[in-house]
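Close look at the chain arrangement
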Amino acid sequence: MYLTQEQLSIYKAQGFLVLPEYFSRAEIEVMKAELSGLSVKDSPKRILEKDGKTVRSLHGVHTSNNVFNCLTRHSFIVEPAMQIVGSEVYIYQFKINIKAAFSGDIWKWHQDYIYWRKEDGMPRPQVVNAMCLLDDMNEFNGPLFVIPGSHREEMIDVAVHNSRETPKNVHNSSDSPRWMSSFSANLKYSLNQELITNLVSKYGIAFIKAAAGSVVFFDSNIVHASTNNISPFGRSTVIITYNSIENIPSPVVKPRPDFLVSQDYRPVIPLACDILSEHSLTKISKLR
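What comes next is a walk through the structure. (Residues numbered from 1 in each chain as written. Predicted model: local features only at pLDDT ≥ 70, side-chain atom pairs only at ≥ 80, totals over all residues. Heavy atoms only, no water.)

Strand order in the open sheet formed by seven strands is 1-9-6-11-4-3-2, with antiparallel pairing between adjacent strands. Of all the strands in the sheet, the pair left with one neighbour each is strand 1 (16-19) and strand 2 (46-48). For this sheet the average axis-to-axis angle between neighbouring strands, irrespective of direction, equals 20°. Along the sheet face, helix 1 (residues 5-14) touches strand 1, strand 6 (127-133) and strand 9 (215-219) and points at about 135° away from the line of strand 1. Against the sheet, helix 5 (residues 113-120) makes contact with strand 4 (89-99), strand 6 and strand 11 (235-244), and its axis sits at roughly 120° relative to strand 4, the strand it touches most. (Pairing = 2+ DSSP bridges. Helix = DSSP H or I, 4+ residues; strand = E, 2+ residues; numbered from the N terminus. Axes fitted to C-alpha atoms, helices over the stretch in contact; angles between N-to-C directions. Contact = heavy atoms within 4.5 Å.)

Structural data, given as structure tokens:
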């Protein structure tokens, strides 16, 4: 399913595009059922909030889960991603961000591309995020805040945020503090208050309100954030980052783990994936 020229123009102008209720409620319930099982697994792919028990995000689980693998290859998402970047794409990053009811913490104001440029050696922001909402996103449950048009500023080079707080994770490996600072509440390259004030004065501010099943495409340089969730409504999103096959990262001295940044550069072929069928196959395989 390709975007119209009007939709592409909206994306280019504001740095994001909301496609309401792109996937059915039945498909969303299937994905939520899979997420429920994945969230309890002890794995380096699982990041916890600073309380040490609430799941904050899951990374790279599409490689071992049929349903989420199907989602990453779904033509509804891959075809628009190809249009936006202007070439074939590969899956650069896959994560599920979880804003747990009452305990989901903030994501500070930031851009995504600066991480990919400085940590992974990505040459250009020829890349796009596709966010699939697994729950309704509203004003109560820590929605995504954006500064429309701020992607025109390109990458805002900021100093590394030095935090004394060590992110907690069930796996406390020696390299965890280095890469986990990109995913904790104290983000490594967060933007300061003065800069955000100036950007909002120039471009305005908005938040995304959309029903479960909606998909949000957003630019890697748009400035965005989300508040903590003090409501009784959980809010989970799948974020698939598609990079152009013409934009392969340069080698870095200390590459991040493959489940964070894929080194499989094979182009994604858009498929008419059936999420419901994949879920049924997964259930059958578990019974064997």
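The subject of this paragraph is the environment of Phe 94. Here Phe 94 shows up in strand 4. Along the primary structure Phe 94 and Ser 262 are separated by 168 residues, whereas in three dimensions their C-alpha atoms are 8.7 Å apart. The contacts of Phe 94, once residues within four sequence positions are left out, are Leu 58, His 59, Gly 60, Val 61, His 62, Phe 68, Thr 72, Val 238, Ile 239, Ile 240 and Phe 259.

A few words on the side chain of Gln 126. Note that Gln 126 resides in the loop between helix 5 and strand 6. Within polar-contact distance, the side chain of Gln 126 engages the side chain of Glu 246 at 3.4 Å. If we skip the residues at most four places from it in the chain, Gln 126 touches Val 85, Ser 87, Asn 243, Ser 244, Glu 246 and Asn 247. (Polar contact = N/O pair within 3.5 Å; in protein donor to acceptor, adjacent residues only side chain to side chain.)

The next point concerns the sheet that holds strand 8 (residues 206-207). Sheets are built from strands paired through backbone hydrogen bonds, the pairs being either parallel or antiparallel. Pairing within the open sheet is antiparallel, and its four strands lie in the order 5-10-7-8. Lying at the two open borders of the sheet, with one neighbouring strand each, are strand 5 (107-110) and strand 8. By the bridge criterion, three bridges tie strand 7 (residues 144-146) to strand 10 (residues 224-226) in an arrangement that is antiparallel. Each residue of the ladder has a partner; that of Phe 145, found in strand 10, is Ala 225.

This model, assessed by the stated rule, comprises eight aromatic pairs. Ring centres of Tyr 22 and Phe 23 lie 5.9 Å apart, and the angle between their planes is 85°; this geometry places the pair in the edge-to-face category. Judged by relative accessible area, Tyr 22 falls into the buried class, the value being 13%. Residues Tyr 22 and Phe 76 carry aromatic rings whose centres are separated by 5.3 Å and whose planes lie at 45° to one another, so their mutual orientation is tilted. With Tyr 22 in the loop between strand 1 and helix 2 (25-39) and Phe 76 in helix 4 (residues 75-85), the pair connects residues that are 54 residues apart, well separated along the chain. Overall, Phe 76 belongs to the partly exposed group, its relative accessible area being 24%. Here the aromatic residues Tyr 22, Phe 23 and Phe 76 are joined through ring pairs into a cluster of three or more. Sitting over the ring of Trp 107, Arg 56 keeps its end group 3.8 Å from the ring centre. (Phe/Tyr/Trp six-rings, centres within 6.5 Å; stacked < 30°, edge-to-face > 60°. Buried < 20%, exposed > 50% of the residue type's maximum accessible area, 1.4 Å probe, protein only. Lys NZ or Arg CZ within 6 Å of the ring centre and 35° of its normal.)

Throughout the structure, instances matching the rule amount to 10 salt bridges. One salt bridge connects Lys 118 with Asp 157, and the closest N-O pair in it is separated by 2.5 Å. You can see Lys 118 sitting in helix 5 and its partner Asp 157 sitting in the loop between strand 7 and helix 6 (176-180), a full 39 residues away along the chain. We classify Lys 118 as partly exposed; its relative accessible area is 37%. Note on Asp 157: relative accessible area 55%, which makes it exposed. Residue Arg 266 is joined to Asp 264 by a salt bridge in which the shortest nitrogen-to-oxygen separation is 2.6 Å. Residue class for Arg 266 comes out exposed when judged on its relative accessible area of 61%. (Salt bridge = Lys/Arg side-chain N within 4 Å of Asp/Glu carboxyl O.)

Another aspect to go through is unusual backbone geometry. You will see that Glu 21, though not glycine, has its phi angle at about 45°, which is positive. Structurally, Glu 21 is set in the loop between strand 1 and helix 2. In this model, Glu 154 sits at a positive phi of 60°, which is unusual for a non-glycine residue. For Glu 154, the location among the structural elements is in the loop between strand 7 and helix 6.

Take it as geometry only, folks, not as evidence of what the structure does.
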